[in-house]
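Each chain, letter by letter, is given below.
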Amino acid sequence: MAVRGEDIASILRRQIEEFGAAITAVDVGTVVEVGDGIARIHGLAGAMAGELLEFPQGVMGIALNLEEESVGAMLLGNYRGIKEGDEVRCTGRVAQVPVGEELIGRVVDSLGQPLDGRGPVRATKTRPVERIAPNVVARKSVDTPVQTGIKAIDAMIPIGRGQRELIIGDRSTGKSAIAIDTIINQKGGDLICIYVAIGQKTAKVAQTVSVLEQYGALEHTIVVAANAADPAAMQYLAPYAGCARGEEFMEQGKDALIIYDDLSKHAWAYRQVSLLLRRPPGREAYPGDIFYLHSRLLERAAKLAPELGGGSLTALPIVETQAADISAYIPTNVISITDGQIYLETDLFNSGIRPAMNVGLSVSRVGGAAQIRAMKQVAGKLRLDLAQYRELAAFAQFGTSDLDMATRRQLERGQRTTEILKQPQYVPLSVEKQVMMLYAVTNGYLDDVAVDKVGDFGDAFQRFMDSNHPEIGRDIVARKEITRETEEALKAAIGEFKRTVAY
């Protein structure tokens, strides 16, 4: 069959008329300077602050400095192939990261790329890394505890769901240990954990992941790692990316816990990026908006009102001090943002008191609102008694011969309380075990036990209660308080234990 020329012409005419390719305008600029993970771009007049920019070879950047003649951007990923004169395009969207339950049990970088060698992350949903924190009306007061499993913290510095509690102290005082123990203690619970490692050695992050795996805690944990070898841009993004993942669970009505380990290194990474962008340095060479860097991050932790699902995001930021100086710039900033701090001391750590918590300088601004009634009943006076004991011990170190009997009794009770609050790493305790142990020490049942035997007494007492009187612990968990009947049963059980075991 022959095709006539008129038919071909009409087909072509109809196709030209129906051609509807959408015309899109893209803001395009040119790289004028690149190096150290920073690029300066001429053009991009329509770029937004925090907008993703597309560089050649699939490299992405984030616009940070919007100046009259140029845009300063921080580069994500390998920027070595980018050179002067390369074309840069605006994408019209801000930085986003994958979120959702598919990330649980995985180790990912700031952008959600897997680091654990277990294949791609199948997350289908994304969220912006930056977001305005929930306002006062959207929040509910904190009233539910986050059980860390650490006696000293759950009794004296309680943490509530939706709270921001700072862990602060010098290097190697057990800051990360408290955070990891808290994650391990959530095994079998309803709290999803996110551990953000910022600027740490790759070996240390691998060791942390191995510990979480060993204790079965990786099943409810997302690890976001921006290691010391990664660019400063990735370290800067890591806590915001982790927070976005926590917010996703919070807005589904679930409870999440996020640990930033640590914000000192985060501030260093931001200072590095800011100085390379030629922003004016301020105190300690940090840029002027360093407070806003952490306040906009930590304010996103909240307990949402019931009409918004009632979910929560609890933040445990970690800050490292230099020579116990908590009045330095970053520590004072973060202390003023958070709802309390757990202050760890080198001297206490070296003397064998672990966790090495200074009771006088540690505080929880949520307090007893985040404790079950049973814990309040046994720990009400504990913090004050321990702080008084520390002061008395400082005075009494020169000799106890001229002290009156009441002071001597207080010193001896304080010594035993300090011993019972010592706890090895990776051995978090359930709340009912903590309550029974603290009841025994605060009511004088350990006063006749030698100080060096108190730790053994505590361990043996736990085993005795588990095997002989498990109903007492179950009753405390069910009622969340020590009733008169429970108290009588507990007294009888302690008496029975002391008769059967000699200390």
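For the structure itself, consult the block above.
Note that the structure is predicted; figures quoted are calculated from it, not measured. (Residues numbered from 1 in each chain as written. Predicted model: local features only at pLDDT ≥ 70, side-chain atom pairs only at ≥ 80, totals over all residues. Heavy atoms only, no water.)

Overview of the pattern of salt bridges
Argument step 1. The full count for this structure, using the stated rule, is 29 salt bridges.
Argument step 2. One salt bridge in this structure joins R279 and D289, with 3.9 Å as the shortest N-O distance. Here D289 lies in the loop between α6 (263–276) and α7 (290–298) and R279 lies in the loop between α6 and α7, a separation of 10 residues in the sequence.
Argument step 3. The buried category is assigned to R279, whose relative accessible area is 18%.
Argument step 4. For D289, a relative accessible area of 26% gives the class partly exposed.
Argument step 5. Connected via shared salt-bridge partners are K125, R127, R131, E247, E248, E251 and R300. (Salt bridge = Lys/Arg side-chain N within 4 Å of Asp/Glu carboxyl O. Helix = DSSP H or I, 4+ residues; strand = E, 2+ residues; numbered from the N terminus. Buried < 20%, exposed > 50% of the residue type's maximum accessible area, 1.4 Å probe, protein only.)

Brief notes about empty space enclosed by the protein
Argument step 1. Within this structure, the stated rule accounts for two cavities of 30 Å³ or more.
Argument step 2. Estimated volume of the largest cavity: approximately 90 Å³.
Argument step 3. Every residue along the wall of the largest cavity is listed here: A152, M156, I353, R354, P355, M357, V359, L386, R390, T418, L421 and K422.
Argument step 4. Counting residues per element, the ones that place at least two in the lining of the largest cavity are α2 (151–156), α11 (382–396) and α12 (405–421).
Argument step 5. Looking at the lining of the largest cavity, its residues break down into eight nonpolar, one polar and three charged.
Argument step 6. Of the pockets and cavities examined, the second largest cavity occupies roughly 50 Å³.
Argument step 7. If you trace the second largest cavity, you find it lined by P145, V146, Q147, D154, P158, I159, A370, Q371, I372, M375 and V431.
Argument step 8. For the lining of the second largest cavity, the residue count by class is eight nonpolar, two polar and one charged. (1 Å grid on protein atoms, 1.4 Å probe; cavity = no way out; pocket = protein on both sides within 12 Å on 5 of 7 lines; lining within 4 Å. Points joined across faces, edges and corners; volume = space filled by probe spheres on them. Nonpolar A, V, L, I, M, F, W, Y, C, P; charged D, E, K, R; others polar.)

Comments concerning the layout of surface pockets
Argument step 1. Size it by volume and the largest pocket reaches roughly 880 Å³.
Argument step 2. What lines the largest pocket is a set of 33 residues, and nearest its centre among them are S172, G174, S176, A177 and K204.
Argument step 3. Secondary structure elements with two or more residues in the lining of the largest pocket: α3 (175–185), α4 (202–214) and β14 (312–320).
Argument step 4. Sort the elements by how many residues they give to the lining of the largest pocket and α3 lands first, with six residues.
Argument step 5. By residue class, the composition of the lining of the largest pocket is 13 nonpolar, 10 polar and 10 charged.

Examining the sheet that holds strand β11 (residues 191–198)
Argument step 1. What the eight strands build is an open sheet, ordered β8-β12-β11-β13-β14-β10-β15-β16; its pairing is mixed. Among the strands making up the open sheet, the edge pair consists of β8 (107–108) and β16 (363–364).
Argument step 2. Summarising the sheet, strand β10 (residues 166–169) and strand β15 (residues 340–344) pair through four bridges and their orientation is parallel. Residue pairing across strands places I167 opposite I342, the latter belonging to β15.
Argument step 3. Running at roughly 175 degrees to β11, helix α5 (residues 232–251) makes contact with β8, β11, β12 (221–226), β13 (255–261) and β14 of the sheet. (Pairing = 2+ DSSP bridges. Contact = heavy atoms within 4.5 Å. Axes fitted to C-alpha atoms, helices over the stretch in contact; angles between N-to-C directions.)

Details of the packing of aromatic side chains
Argument step 1. Summed over the entire model, instances satisfying the criterion amount to nine aromatic pairs.
Argument step 2. Here the aromatic rings of Y236 and Y240 are separated by 5.6 Å at their centres, their planes lie at 55 degrees, and the arrangement is tilted. Here Y236 and its partner Y240 are both found in helix α5, four residues apart, which amounts to about one turn of the helix.
Argument step 3. In this structure an aromatic cluster arises from ring pairing among F457, F461, F464 and F497.
Argument step 4. One Lys or Arg, R80, reaches over the ring of Y79 and ends 6.0 Å from the middle of that ring.
Argument step 5. A cation over a ring is seen here: R296 above Y292, with NZ or CZ 4.8 Å from the ring centre. (Phe/Tyr/Trp six-rings, centres within 6.5 Å; stacked < 30°, edge-to-face > 60°. Lys NZ or Arg CZ within 6 Å of the ring centre and 35° of its normal.)

Thoughts on the nonpolar core
Argument step 1. Formed by 71 residues in total, the largest nonpolar core has its most connected members in M156, I342 and M375.
Argument step 2. For this core, the element with the most residues is helix α13 (residues 431–442), which contributes eight residues.
Argument step 3. Ignoring any residue separated from it by four or fewer positions in sequence, one finds M375 in contact with D154, A155, G380, V431, Q434, V435 and L438. (Core = buried A, V, L, I, M, F, W, Y, C linked by side-chain atoms within 4.5 Å.)

As for the sheet that holds strand β3 (residues 51–54)
Argument step 1. What the six strands build is a closed barrel, ordered β1-β2-β5-β4-β3-β6; its pairing is antiparallel. On average, each strand axis in the sheet is tilted by 45 degrees relative to the strand beside it, whichever way the strands run.
Argument step 2. The pairing of β3 with strand β4 (residues 60–66) spans three bridges and is classified as antiparallel. From the neighbouring strand, E54 faces β4, where its bridge partner is M60.
Argument step 3. Against the sheet, α5 touches β4 and β5 (70–76), its axis set at about 80 degrees to β5.

None of this, on its own, says anything about what the molecule does.
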